[in-house]
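So the chains spell out like this:
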Amino acid sequence: MSETNLYGFETLWKLVGSSVESKSEVLIVFLHWFLTRHGFLCVGVGDDKTLNDDDEKSELLPERWNCDRKAYALRYVFEGNLYILFGNVSDETMVVNLLSAKDQQVSVVAFELNSTILSFRGDRLSALVANVGKQLVRLKDDMIQTVVTGVGKDGQTQTDLTEKRLQEFEKYRGRALTDEYPASMPSRAMGIQIGSSDLNPLAMPGSGMLMEPPRNPLNDRFRGRGPRFDPFGPNPMRNFGPDPDHMAPPGRYDDDMFM
């Protein structure tokens with residue numbers, strides 16, 4: 001729902017506004033409207049954690065929803081699961097809880113009534129609730145998502161962590177390890193390339209040795225680096241010395257592992 005989409009509140013307020021006599025009631029009407037706009041349906045008052053098939057579901061506030069202006073309890077259903085909205089007033093502050101009856105997850109949001117609710121008389125939501133957009137964000141992040149998805153404002157799911165790691169991988173892929181490398185590894189930040197090829201296959205060529213042996217660029221060009229490749233046995237073109245593939249080492253005649 002868009003933060004500026006206030007559709008439905010005016011109709012709801014016309015139905016219940018005349019019976020509202022406190023700021024806490026305005027906040028409950030606001031919370032009820034917000035929940036129904038997100039697909040919740042009210043199934044009555046109270047804190048009963050059982051959901052019956054014959055419970056009537058409605059977008060309207062139930063009877064006796066404001067019989068106690070210090071303690072509110074309304075039951076809602078969303079995607080087949082039961083949730084209970086609690087609102088308790090103490091010292092001009094209302095603490096709101098949304099409890100999931102299925103897994104007992106609960107969210108906690110506190111509202112200072114005098115700064116959140118401007119008045120309990122008015123025709124528009126902006127005349128009743130201060131900073132409507134800010135309050136909508138708070139309700140979505142701190143009340144609904146904490147319970148429905150298990151993710152709070154500062155929480156992270158495994159998917160979030162995986163996506164973050166993939167983003168970090170994309171950031172550093174294809175770069176030398178000295179480029180924007182974390183400051184926690186000062187040796188790489190100083191440009192030392194020991195082991196670059198071992199850690200990053202896309203880095204500049206190099207080995208994992210501290211002391212790089214001298215190489216003949218001409219031989220590397222034609223032979224390439226790496227182990228000798230000789231899968232065909234003795235090479236008939238060679239005219240010097242025995243081939244280690246078929247001759248035993250000197251002085252070793254006690255086994256035939258090289259034959």
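Residues numbered from 1 in each chain as written. Predicted model: local features only at pLDDT ≥ 70, side-chain atom pairs only at ≥ 80, totals over all residues. Heavy atoms only, no water.

Helices and strands together make up the secondary structure of the protein, namely 9 helices and 5 strands. Its helices and strands in sequence order give the protein the pattern α-α-β-β-β-β-β-α-α-α-α-α-α-α, from N to C terminus. Across the 259 residues that make up the protein, the buried fraction comes to 30%. Contacts in the protein between residues at least 24 apart in sequence constitute 48% of all its contacts with a sequence separation of at least 6. Of the accessible surface of the protein, which amounts to about 17200 Å², a share of 53% is contributed by carbon and sulfur atoms. (Helix = DSSP H or I, 4+ residues; strand = E, 2+ residues; numbered from the N terminus. Buried < 20%, exposed > 50% of the residue type's maximum accessible area, 1.4 Å probe, protein only. Contact = heavy atoms within 4.5 Å. Areas by Shrake-Rupley, 256 points an atom, 1.4 Å probe, with all protein chains shown as cover.)

This brings us to the layout of surface pockets. The calculated volume of the largest pocket comes to roughly 230 Å³. If you trace the largest pocket, you find it lined by Tyr7, Gly8, Thr11, Leu12, Leu15, His32, Trp33, Thr36, Arg37, Glu59 and Leu60. Broken down by secondary-structure element, the contributors of at least two residues to the lining of the largest pocket are α1 (9–16) and α2 (23–37). The biggest single contributor to the lining of the largest pocket is α2, with 4 residues. Residue composition of the lining of the largest pocket, grouped by class: 5 nonpolar, 4 polar and 2 charged. (1 Å grid on protein atoms, 1.4 Å probe; cavity = no way out; pocket = protein on both sides within 12 Å on 5 of 7 lines; lining within 4 Å. Points joined across faces, edges and corners; volume = space filled by probe spheres on them. Nonpolar A, V, L, I, M, F, W, Y, C, P; charged D, E, K, R; others polar.)

Spatially, β1-β2-β3-β4-β5 is the arrangement adopted by the 5 strands of the open sheet, whose pairing is antiparallel. Sheet topology places β1 (41–45) and β5 (106–112) at the edges, where each strand pairs with a single neighbour. Averaged over all adjacent pairs, the angle separating strand axes in this sheet is 25 degrees, with direction ignored. Strand direction decides the pairing type here: strand β2 (residues 71–78) and strand β3 (residues 81–90), joined by 8 bridges, are antiparallel. (Pairing = 2+ DSSP bridges. Axes fitted to C-alpha atoms, helices over the stretch in contact; angles between N-to-C directions.)

Turning next to the pairing of β3. The buried fraction of β3 is high, at 7 of 10 residues. Here β2 hands over to β3 after 2 residues, with Glu79 in that stretch at a positive phi of 50 degrees. Here β3 runs beside strand β4 (residues 93–100); their pairing, made up of 8 bridges, is antiparallel. Bridged to Ile84 within β4 is Leu99. In sequence, β3 turns back onto β4 through a hairpin of 2 residues, with Asp91 there showing a positive phi of about 55 degrees.

Right, let's get into unusual backbone geometry. With a phi close to 65 degrees, Gln104 is a non-glycine residue in the positive phi region. As for its placement among the helices and strands, Gln104 is situated in the loop between β4 and β5. Look at Gln104 and you get partly exposed, because its relative accessible area is 45%. Phi is positive for Asn131, close to 50 degrees, though the residue is something other than glycine.

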